[in-house]
Amino acid sequence: MDPGLAGGLRDWLEDVLSPAVAGLPSDAVPVRVTKEAVNQVLACEAHHLARKSEPRVVTAELARGTLVDALFRQWVTVGVVGDPWADALAGIECDGDATIIDFVGGLEGDARRRLVEEVRAHAASIASAWPASNPSWLARTQERLSVPLAGGRLVLSGVVDLAFGAPCAGRASVCLVELKSGGRRLEHRGDLHFYALLETLRSGAPPFRIATYYSRSGELDAEHVGEDVLLGALHRTLAGAERLCRLACGAEPARTPNPLCAWCSELPRCAPGQERAQSAIPRVAGDPTTDDPKWDGYEHGEDEVGQ
Amino acid sequence: MKEGTALSFPRATSLTEAFLAPAAIAVPVPELHEIRARLLRELPPLADELPENARLQIGPHELAVARDHPDRCASGWDPFVPSPIRCKRAIGIAAVERCVRGRANSPQAAVAEVLASGLEDLVTSASVEGAPRPPWWSEWYRELAPGARAAVQAEAVTWATQLWTALDWSCFERPPVIGGRDDFWDCPGGRQLVVRGRAEVRAWAQSRPVMLVVASGFPGDSWRADLAHRALVVALARGERSVPARVAGLWPTSGLVRLCEVDGPALSEAATALVSATATWVDAMIGAPNAVRVAC
């Protein structure tokens, strides 16, 4: 690997973001750049602000994602899952995620049965696809990454579901895995590339492999991390971070019609969004009576797990 | 140290070499005397203002809260509730200790052994008089369902692995102390004010002690004072001969490392931060007369 790569990427980020950060109020809290924030703000700035201000919406997809994440973590760490439903709930409760527990506790009848069955199916898929973790792989689950820039006024951050291998500045030695319990989506690649960039900045070397594991289908979407991947992630992060800084300065958000307009809580106040959605009434995420059957919860669901 | 060596990474080697390098600065004895005199002059009057029967313990966490979120000092004391995140250090430290001593070949195996041993100690302590005290988390852990136990184990494995892979343990000539007892200094005058310091690794750089601290997030502007605080407490509690030559800070989340060479200015900076934090906490506790601020 190029020993100057990580330093070069960091310098690039610092240089380009410097004017945007300089415009932040001196007492502003650090701008946190996560994969969700980048996805949202690049889709529509007004949508990002709306999502930021509204309470967290728990949907069946989000609950499933959180439960399956807990099971994956258990499987990798312990190598045993007894009753998947009970184990996942206990793990989440212990972590103090009351919103998921409350949501699951409120489910009745078919909805609950469906979720229990789904979680069991995902657990079976994980157990059949993943071998018992070898201690020498040095597996870390839910590993937090945070890269401060501009003296900590802007922080790139994320939580990786699984990391293997010890960080090593002179050699690509780490593998990152993201777990997705929903369907395959194009955006997942961007998320993974963002994490590859963070790991490179943190450790001084890029991961040697990054992968998204789809626990529903058992597919593993793995890729090698070359400079093209890191540069793509860098440009996307820069674009998102600049917009986030601008919004943090109180700038008027740009409104960009996109497929998520129909679910945006800002829709009643957004003319371009209404034109796109053909309605002024937002759909309710996770509501089967108004939801798009093709929608798999990416925006309101598993994407937020672990953050 | 030759036993228990299993892994060595280039990144860990450079950090370990910097951590164990011979001290470049002698113990700043005159400055230490001055700092001690200053603290004995400034802290007791603050402690005297504490509500009757109140006890204030200032450790690294309290320093950070007073500096970054002073409003939270007034919001009262929350009872300590164990959780995977709150237990990860205690379990992780014991696991890394096992790895370093050659009793386990990986953090994953070591954490499992520490948890099992904690449960065994709990049983033994209940039935055998004079048996060692079980770890503080063991009773809580015993009551957890398998899924919750896995969450505790996973969090501790991640923490322990980060520390285990951060250093090249084969470079230590003398066995390091992993964790060890926290340092405490009782401020004279009523014993209402206690200053606490802690480190994850204590080792020797030739004849001088050195400390390594694992922190979360990334180093802020005050990293030097935060690290020097650990050395200051050692100096106050055990005297100048025990003052570490340096305190290394490791922030695994961000991959950042900071080395604080313990000199007069660093200790003075730590003393200033300590007085300031104490004043902030005392002010807050005066507003809440029943508060008893004691960290677990």
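Definitions and cut-offs
Residues numbered from 1 in each chain as written. Chains lettered and ligands numbered in written order. Predicted model: local features only at pLDDT ≥ 70, side-chain atom pairs only at ≥ 80, totals over all residues. Heavy atoms only, no water. Contact = heavy atoms within 4.5 Å. Buried area = accessible area lost by both parts, 1.4 Å probe. Salt bridge = Lys/Arg side-chain N within 4 Å of Asp/Glu carboxyl O. Polar contact = N/O pair within 3.5 Å; in protein donor to acceptor, adjacent residues only side chain to side chain. Helix = DSSP H or I, 4+ residues; strand = E, 2+ residues; numbered from the N terminus. Nonpolar A, V, L, I, M, F, W, Y, C, P; charged D, E, K, R; others polar. Core = buried A, V, L, I, M, F, W, Y, C linked by side-chain atoms within 4.5 Å. Buried < 20%, exposed > 50% of the residue type's maximum accessible area, 1.4 Å probe, protein only. Pairing = 2+ DSSP bridges. Right-handed = clockwise from strand over helix to strand, strands pointing away. Domains from an automatic or database assignment.

Engineer: For this particular structure, what's the right way to read the interface of chain B and chain A?
Structural biologist: Interfaces are frequently sized by the accessible area removed from exposure as the parts join. Every contact between the two is made by 35 residues of chain B and, on the other side, 31 residues of chain A. Carbon and sulfur atoms make up 61% of the area that chain B and chain A hide from each other, which totals about 2600 Å². Taken as a group, R11(B), Q108(B) and F218(B) account for 22% of the area that chain B buries against chain A, more than any other trio of residues on that side. On inspection of chain B and its partner chain A, the count reaches 2 salt bridges. Linking E155(B) and R144(A) is a salt bridge whose minimum nitrogen-to-oxygen distance equals 3.2 Å. The interface formed by chain B and chain A contains 8 residue pairs in polar contact (both at pLDDT 80 or more). At the level of secondary structure, the elements contributing two or more residues to the side of chain B that touches chain A comprise α1 (10-20), α5 (84-100), α6 (107-127) and α8 (146-164) of chain B. For the side of chain B that touches chain A, the class distribution of residues is 20 nonpolar, 13 polar and 2 charged.

Engineer: What exactly am I supposed to notice about the nonpolar core here?
Structural biologist: A general trend in soluble globular proteins is that nonpolar side chains are found buried together. Residue and element names in this part refer to chain B. Ranked by size, the top nonpolar core spans 45 residues in total, and within it L39, L43, L56 and L232 carry the most contacts. Contributing elements (two or more residues each) for this core: α2 (29-48), β1 (56-58), α3 (60-68), β4 (193-197), β6 (208-214), α9 (223-238), β7 (246-251) and α10 (264-286). The residues contacting L39, other than those within four sequence positions of it, are P44, L232, L236, A271, L274 and V275. I91, V114, W137 and Y141 belong to the second largest nonpolar core, which has 44 residues in total.

Engineer: What is the right way to look at the pairing of strand β4 (residues 175-180) of chain A in this model?
Structural biologist: If a strand is regular, its side chains alternate between the two faces of the sheet. Residue and element names in this part refer to chain A. For β4, a buried count of 6 out of 6 residues is recorded, marking the element as mostly surrounded by other parts of the structure. Burial of β4 is two-sided: the residues C175, V177 and L179 facing one way and the residues L176, E178 and K180 facing the other way are all buried. Here β4 runs beside strand β5 (residues 209-214); their pairing, made up of 6 bridges, is parallel. Across the sheet, L176 pairs through a bridge with I210, a residue of β5. Note on the crossover from β4 through helix α8 (residues 187-203) to β5: the handedness is right-handed.

Engineer: How should the domain arrangement of chain A be read in this particular structure?
Structural biologist: Residue and element names in this part refer to chain A. Parsing chain A into structural domains produces domain 1 (5-54 + 135-252 + 285-293) and domain 2 (60-129). Listed per partner, the contact involves 13 residues of domain 1 and 13 residues of domain 2. It is T141, L179 and S181 that lose the most area in domain 1 upon contact with domain 2, and together they represent 40% of the buried surface on that side. One can count 0 salt bridges joining domain 1 with domain 2. Seen at the junction of domain 1 and domain 2, the total is 5 residue pairs in polar contact (both at pLDDT 80 or more).

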